[in-house]
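An overview of the molecular structure
Spelled out from the first residue to the last, the chains are:
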Amino acid sequence: MAAIRIDQDLCIGCGLCVRVCANDGVKVENRRASITENCIACGLCVDACPKGAVCRETSRASADLSAWSGMMVVAQTDKSATPLPVAYELVGVARDLAHERGCSLRVLVISGLQPGCQCTGGYAPLIDAGADEVLVLEDPAFAIPDGAAIGQAVAQVIEQFKPEAVLFGATDLGREVAPRVARELSCGLTADCTQLALDQEGLLLQTRPAFGGNLLATIASPAARPQMATVRPGVFSRPEPQKGRCGTIYHLTAAPSSVPGIQVLSEESASSGASIADAEVLVVVGRGIRDKKALPTMERLAALLGGQVACTRPVVEAGWMGHESQVGQTGVSVAPRVLISMGVSGAIQHLAGISGAKTVIAVNEDPDAPIFSVAQAGVVADCRQVADEWVKYLEGATGRSA
Ligand SMILES: Cc1cc2nc3c(=O)[nH]c(=O)nc-3n(C[C@H](O)[C@H](O)[C@H](O)COP(=O)(O)OP(=O)(O)OC[C@H]3O[C@@H](n4cnc5c(N)ncnc54)[C@H](O)[C@@H]3O)c2cc1C
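Now for a look at the structure at hand. (Residues numbered from 1 in each chain as written. Predicted model: local features only at pLDDT ≥ 70, side-chain atom pairs only at ≥ 80, totals over all residues. Heavy atoms only, no water.)

A word on the side chain of Glu164
Within the secondary structure, Glu164 sits in the loop between helix 5 (147-161) and strand 8 (165-169). Assessed through its relative accessible area of 4%, Glu164 is described here as buried. A polar atom in the side chain of Glu164 sits 2.5 Å from the side chain of Arg101. Filtering out sequence-adjacent residues up to four positions away, Glu164 remains in contact with Trp68, Ser69, Gly70, Arg101, Cys103, Gly202, Arg225, Pro226 and Gln227. (Helix = DSSP H or I, 4+ residues; strand = E, 2+ residues; numbered from the N terminus. Buried < 20%, exposed > 50% of the residue type's maximum accessible area, 1.4 Å probe, protein only. Polar contact = N/O pair within 3.5 Å; in protein donor to acceptor, adjacent residues only side chain to side chain. Contact = heavy atoms within 4.5 Å.)

Put into structure tokens, the structure is as follows:
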């Protein structure tokens, strides 16, 4: 990130910089301007200064942009050090960007296993998915999702390999690690991107919904490296593996952490089920189910279809389901093969999380509900009645009953 510097020899103390600053980030004393601690480096004062006395000062990380090249994906892993599905989704999009840019793609795997150990199946699938190099950063301490320690280690690897762009999955841990890395490297970070592209000069264009999804903001980072973005699980699809692709796997040892580590005193499972981000079939319930008592039927329907139940934000706010089940802008992005939407209006913040669904079947009493505009099949009816009938039919067809 750039900071603002004032050349005291050029400054005439006119105060135009103070007038344009919305943040009390600059003051004039004794006919000379100086930057205060409130400065957010927006640069309005740079443009306003008639004498060119105010300028941006580039940081350590961004000093020599040409030293940074190639793409990097930071791959979070599960307890067995197997990369999460979102890592493959990121490799797919980063591979396309690297191809367009004519550069290489490294995947940095965060492994909590003992040095030299690898997950079942190894890391070759990352190469099949598009990585040219896989760097396995190993430290048994990473078995604990400690954002501070992992962030510090990831920043060190990034400084060593100097990729021009780095992508993180917007998982709980990714959302904690990525800002710490950005802070450590003094670069920017765009959270929750839904599109990534390159401009003519090869700058990473990072697009994300803003203002409740009513606006798409495209953000570039021309003055700092690396360019960094987080992407939610399910936004991009997992690439088809290309068996036999060439690539190299390296094992790196993390430097000892200098941040105070997290100490685990006891463990309690927050949810027993699999993530809704990975479900092939989802029954998404909205406020239209009207009562928590309707949930068991929805769960039964989901089970009979081989899927899981997810929900809208009001259902979480009512305390009927946990936040890990919420689909949408402030929840999880999902990409099931079939999504059955029960009593969901289809607000834009909810639709932001279901764009990856292949087929949407919507059940709503209101024929004008916006959910129908994204559905391939729609039923105008009471969703509780439809769920009852559907469960009865499936139980009859399969011979199973609750
Ligand atoms: C910054 C921000 C972030 C947000 N993030 C999210 C998010 O991540 N996820 C999310 O879901 N929301 C989010 N919201 C809230 C969002 O704007 C909507 O309020 C929410 O999605 C509406 O949920 P709903 O469809 O369950 O409820 P409602 O809007 O109340 O819709 C209920 C629907 O059910 C229908 N209905 C009623 N009874 C029945 C019945 N018996 N059978 C069939 N249909 C019936 C109604 O016709 C209606 O269409 C966010 C809002 C903001 C401002």
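Considerations on helix 3 (residues 85-101)
Helical geometry note: an α-helix holds 3.6 residues per turn, so side chains three or four residues apart project in the same direction. Taking 1.5 Å of rise per residue, 17 residues should cover 24 Å, and helix 3 covers 25 Å from first to last C-alpha, within 8% of that figure. With 12 of 17 residues buried, helix 3 lies mostly within the body of the structure. Just past helix 3, the residue Gly102 takes up positive phi, approximately 70°. (Expected span 1.5 Å × (residues − 1).)

Focus: the state of the cysteines
Within the structure shown, the criterion is met by zero disulfides. You can see Cys11 has no disulfide; the closest cysteine sulfur is in Cys17, sitting 6.3 Å from it. (Disulfide = S-S within 2.5 Å.)

Some remarks on the site of the ligand
Near the ligand, the surroundings consist of 26 residues, among which Arg287, Thr312, Thr330, Ser345 and Gln349 are the closest. Interatomic distance of 3.1 Å between a backbone N/O atom of Gly288 and a nitrogen atom of the ligand. One of the side-chain nitrogen or oxygen atoms of Gln349 is found 2.7 Å away from an oxygen atom of the ligand. For the ligand, the accessible surface in isolation is 970 Å², of which the surrounding protein chains cover 78%. Of all the secondary structure elements, the ones that give two or more residues to the shell around the ligand are helix 8 (313-317), helix 9 (348-351) and helix 10 (383-398). (Near = heavy atom within 4 Å. Areas by Shrake-Rupley, 256 points an atom, 1.4 Å probe, with all protein chains shown as cover.)

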